[in-house]
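Residue-level structure breakdown
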Amino acid sequence: MRTLRGRGRVAGLPEWDRCAVMGVVNVTPDSFSDGGRFFDTTTAVKHGLDLVGQGADLVDVGGESTRPGAARVDEAEELRRVIPVVRGLVSEGVTVSVDTMRASVAERALSAGALLVNDVSGGLADPAMISVVAEASVPFVVMHWRGFLEGPNVRGVYADVVSEVVTELRARIDAMVDGGVRADRIIVDPGLGFSKDAEHDLALLAHLDRLAELDRPVLVAASRKRFLGRVLAGPGAAPPPARERDAATAAVSAIAAHQGAWAVRVHEVRATADAVRVAQAVAQAATAQGPGAGEGTS
Ligand code: PMM
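The text that follows walks through the structure, step by step, so that each part is easy to find. None of these values were measured; they are calculated from a predicted model.

Taken together, 17 residues surround the ligand, and among them Asn118, Asp189, Lys225, Arg265 and His267 come closest. In this structure, aspartate 189 approaches the ligand through a side-chain N or O atom, which is 2.6 Å from a nitrogen atom. Between arginine 265 and the ligand, the recorded distance is 2.8 Å, taken from a side-chain N or O atom to an oxygen atom. For the shell around the ligand, the per-class residue count stands at seven nonpolar, six polar and four charged.

Right, let's talk about the environment of arginine 230 for a bit. For arginine 230, the position within the fold is in helix H7 (residues 226–233). Owing to a relative accessible area of 39%, arginine 230 belongs among the partly exposed residues under this scheme. As a C-alpha pair, arginine 230 and isoleucine 187 span 43 residues in sequence and 28 Å in three-dimensional space. Excluding residues within four positions of it along the chain, arginine 230 makes contact with Ala198, Gly236, Ala237 and Pro239.

What follows concerns helix H3 (residues 103–111). Here H3 has its buried residues at Ala103, Val105, Ala106, Ala109 and Leu110. End-on, the buried residues of H3 take up no more than an arc of 160°, which puts them together on one face. In the core, the buried residues of H3 are packed alongside helix H2 (75–91), strand E3 (96–99), strand E4 (116–119) and helix H4 (129–136). Directly after H3, the chain includes glycine 113, whose backbone phi takes a positive value near 110°.

So, about the environment of isoleucine 255. Mapped onto the elements, isoleucine 255 comes out in helix H8 (residues 246–259). Isoleucine 255 gets classed as partly exposed once you look at its relative accessible area, which sits at 46%. Residues isoleucine 255 and leucine 205, spaced 50 residues apart in sequence, show a C-alpha to C-alpha distance of 8.2 Å.

Attention now goes to the pairing of E3. Alternating residues of E3 divide into Val96 and Val98 and Ser97 and Asp99, and every residue in both groups is buried. Once you follow strand E2 (residues 58–62) into H2 and on to E3, the crossover reads as right-handed. Relative to E4, E3 runs parallel, the two sharing three bridges. When the bridges of E4 are listed, serine 97 appears paired with leucine 116. Crossover E3 to E4 through H3 is right-handed.

The rules behind each value
Residues numbered from 1 in each chain as written. Predicted model: local features only at pLDDT ≥ 70, side-chain atom pairs only at ≥ 80, totals over all residues. Heavy atoms only, no water. Near = heavy atom within 4 Å. Polar contact = N/O pair within 3.5 Å; in protein donor to acceptor, adjacent residues only side chain to side chain. Nonpolar A, V, L, I, M, F, W, Y, C, P; charged D, E, K, R; others polar. Helix = DSSP H or I, 4+ residues; strand = E, 2+ residues; numbered from the N terminus. Buried < 20%, exposed > 50% of the residue type's maximum accessible area, 1.4 Å probe, protein only. Contact = heavy atoms within 4.5 Å. Arc of directions from axis to C-beta. Right-handed = clockwise from strand over helix to strand, strands pointing away. Pairing = 2+ DSSP bridges.

Right, dumping it as structure tokens:
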């Protein structure tokens, strides 16, 4: 099986010897899977620390829901939600990433100690994002995005979803590099569920190795997403609610880690932390075994 290359080190971040686990803290009243649960600073910081206790290597803090039809929060409100949580987690020694489409929020979060910017728009929503990331010389997650999830953008149209995602991500990488972002800072993400149906998401997971063409580490963020609801429900049935999709999420984490993903982004950390360790043990056994190993034992 072809696996992803370039999983190893992302410049500017600690190095993990296996697929890293990114725990999610949404400081929002309305995210689709955990909206409202961690909406005040103290609860959000405590939740982030709990995720680290359960095995998260880094914590992704976001203040704006990206679910279909969600209204944008204004900049002041996003800053109010995100910055104190970033500061609180950084002061506890946590490696923090900021999930934002706004350059100003990214900049303030970096000043508060965040080490990574995770932008679901891949730098498209805010033209100032590229220069902020270039200037700070920090790692940047470039997710595949076709615009805000409203109107026709909710359902993407693809002739060949895998090839189109690879091509469109390559264009974003080129734009980032042209804007002064160092290539070794860029992480790519196929953007599961963003202008994609279940069949698109599953095709991307089945062909994750194609992202190796981009030669960048890959982040997979499948946690609790709609396509898992579809898979669990089967044809015609109602999908289970988002919070009942954690076992399915951990299954995706094992698949992604086995294929060589750099990190997986999840709401429930414990099962995924186990999944990536099992994937690592299997990978090590495969290396130890190697071609020809075991000869002479019979
Ligand atoms: N999905 C969500 C939020 N942030 N970041 C990246 N890099 N990739 C994603 O697919 C992604 C993301 C939406 O899920 P949430 O509201 O449960 O956090």
